[in-house]
Amino acid sequence: MTVKAKQIHSQEGKTWGRDRDVTPLTNLICACIFLFCPIMVLYFWSSCTYYSCSLYAPVQELSAQNFSFEAVKGFFWEKLVPGPTATGFKLFFSWLLFQAFLNVTLPCKIGFGQMTPAGHLLPYKVNGLFAWVVSHALFIGGSLVLGLFPASIVHDNWGGILIAVNTYGYFLTIFCFLKAHLAPSHPEDRKFSGYFFYDLVMGIELNPRFGKYFDFKLFHNGRPGIVAWTLINFSFAAAQYQSIGYVTNSMILLNFLHAVYVVDFFYFEDWYLRTIDIAHDHFGFYLAWGDSVWLPFMYTLQSHYLVRNPVDLSAFTFLLLLAIGLAGYFIFRTVNNQKDITRKSDGKNLIWGKPARVIRAHYTTSDGKDHTSILLTSGYWGISRHFNYVGDLMMCAAFCFCCGVDHLLPHFYVIYMFILLVHRIQRDHTRCRGKYGKYWDQYCELVPWKLFPYFF
């Protein structure tokens, strides 16, 4: 740790949350994420646009030319980087401003997140479901009913939009980095590591805001990112219809399963305020660029694939994938509901017909105040510490297998989500051990499995 980091560390005290004790290797990894993740997204876009979503074809093409400088340069400028377009910038920034307008003006209830390490209990405007309904009604009405624009407009301008969102993602990252130093919303909740790229990527501010309610994290993850998710799928389904004259049952199933996941997110938006994304992650490149670019582009790869490679599922496969997806959703939702109900009832509830078993943990915020929380050890939470992720992965698998098994690209999502969730489990373990201390050790003894019982 650098001298500056040690000084900041001693000034702020040791509280839970984002890592402070960062190594040079971690800083290097963050630099690679900052520099190479955008190239990865561009490569996937190029694979779908020019090579029917084959991840190997671009490499094979360059290999046939011995990876000559001219071949690599030509691939980079002609196929890897889409040209910026005025339409792409207009579409994205109009969408961004429209979502900001809905966030500020739509009726809402006020939700509250978890207590921050500095002792803040922040309010949030919860109107995401209303914004999702309004956005989809206007898009579908404007395209299919009034004919103001083609329903495939997102698909038709995907390359130009990609450049626009990358521009915004990097701008937002730099803006939030500077804001954290110059005008933080809650200075005492900042965390500095002393390493430039780690702070840039993982973020310094916990809850950067404009005013009392406009929270950067909640807005950018939910709007424009997740609201756009189902609209992107719808636009690509429209493009498939234009291409082959009908919409395949695989595309319909994918749109339905993704919609279940997205609508659930907004219906339970108040619950989301107390998850790792909002309650613990700081706002840097990981969330600023990730929510702007990675989420809408990489989470919708299956719809991109099905436009180029239409798949007609058999009735049995269709019903099997539907059952896996809905079963995964049921597990995901009921696991989270058990914890939510237990917290709301202060542990005085039944789980599977028996009184909930809990550990009443104590923790201290950096303002010196003591607090209590509940660690649930029965029901699903007695099977593993993150059994909700089992349902999550089942849904991810159903999404991906809608595309068959001919190519790797549409299955990237489930592979990525498995890696992401395992990493989250480790980060959550580190954070909870720092927050709850001996109570967390007691919990881990009672619930030894992290994800899959008897395996991990």
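For the structure itself, consult the block above.
Residues numbered from 1 in each chain as written. Predicted model: local features only at pLDDT ≥ 70, side-chain atom pairs only at ≥ 80, totals over all residues. Heavy atoms only, no water.

*Asks:* So, the environment of Thr365: which residues are in play, and what are the values?
*Replies:* For Thr365, the location among the structural elements is in the loop between strand 7 (358-364) and strand 8 (370-376). Distance from Thr365 to Ala228, taken between C-alpha atoms, is 37 Å for residues 137 residues apart in sequence. At 3.2 Å, the side chain of Thr365 and the side chain of His371 are in polar contact. (Helix = DSSP H or I, 4+ residues; strand = E, 2+ residues; numbered from the N terminus. Polar contact = N/O pair within 3.5 Å; in protein donor to acceptor, adjacent residues only side chain to side chain.)

*Asks:* Run through the nonpolar core, naming residues and quoting values.
*Replies:* Within the largest apolar cluster, 127 residues are counted, with the highest numbers of intra-cluster contacts made by Trp294, Tyr299 and Met417. With 12 residues, the top contributor of residues to this core is helix 10 (residues 216-244). Among the domains, domain 1 (17-204 + 212-312) and domain 2 (315-455) are the pair contributing at least three residues each to this core. For Tyr299, the residues in contact, after removing those within four places along its chain, are Trp229, His258, Trp294, Tyr413, Tyr416, Met417 and Leu420. (Core = buried A, V, L, I, M, F, W, Y, C linked by side-chain atoms within 4.5 Å. Buried < 20%, exposed > 50% of the residue type's maximum accessible area, 1.4 Å probe, protein only. Domains from an automatic or database assignment. Contact = heavy atoms within 4.5 Å.)

*Asks:* Quick one: what's the story with the pattern of salt bridges, residue by residue and with numbers?
*Replies:* Under the definition given, this model contains 12 salt bridges. Here Asp281 ties to Arg427 by a salt bridge, and the two come within 2.6 Å at their closest N and O atoms. Linking Asp281 in the loop between helix 13 (276-279) and helix 14 (285-298) with Arg427 in helix 18 (residues 412-436), this pair joins segments that are 146 residues apart in sequence. Accessibility classification places Asp281 together with Arg427 in one group, the buried group. Residues participating in the shared-partner salt-bridge network are Asp281, Arg427 and Arg431. (Salt bridge = Lys/Arg side-chain N within 4 Å of Asp/Glu carboxyl O.)

*Asks:* Give me the packing of aromatic side chains: which residues, what numbers.
*Replies:* Under the counting rule described, the total for this entry stands at 48 aromatic pairs. With a centroid separation of 5.3 Å and an interplanar angle of 55 degrees, the aromatic rings of Trp294 and Tyr416 are classed as tilted. In this pair, Trp294 sits in helix 14 while Tyr416 sits in helix 18, placing the two residues 122 residues apart along the sequence. Trp294 gets classed as buried once you look at its relative accessible area, which sits at 8%. The residue whose ring lies beneath Arg209 is Tyr124, and the NZ or CZ to ring-centre distance is 4.5 Å. Across the ring face of Trp381, the terminal group of Lys339 is positioned such that the distance to the ring centre comes to 4.0 Å. (Phe/Tyr/Trp six-rings, centres within 6.5 Å; stacked < 30°, edge-to-face > 60°. Lys NZ or Arg CZ within 6 Å of the ring centre and 35° of its normal.)

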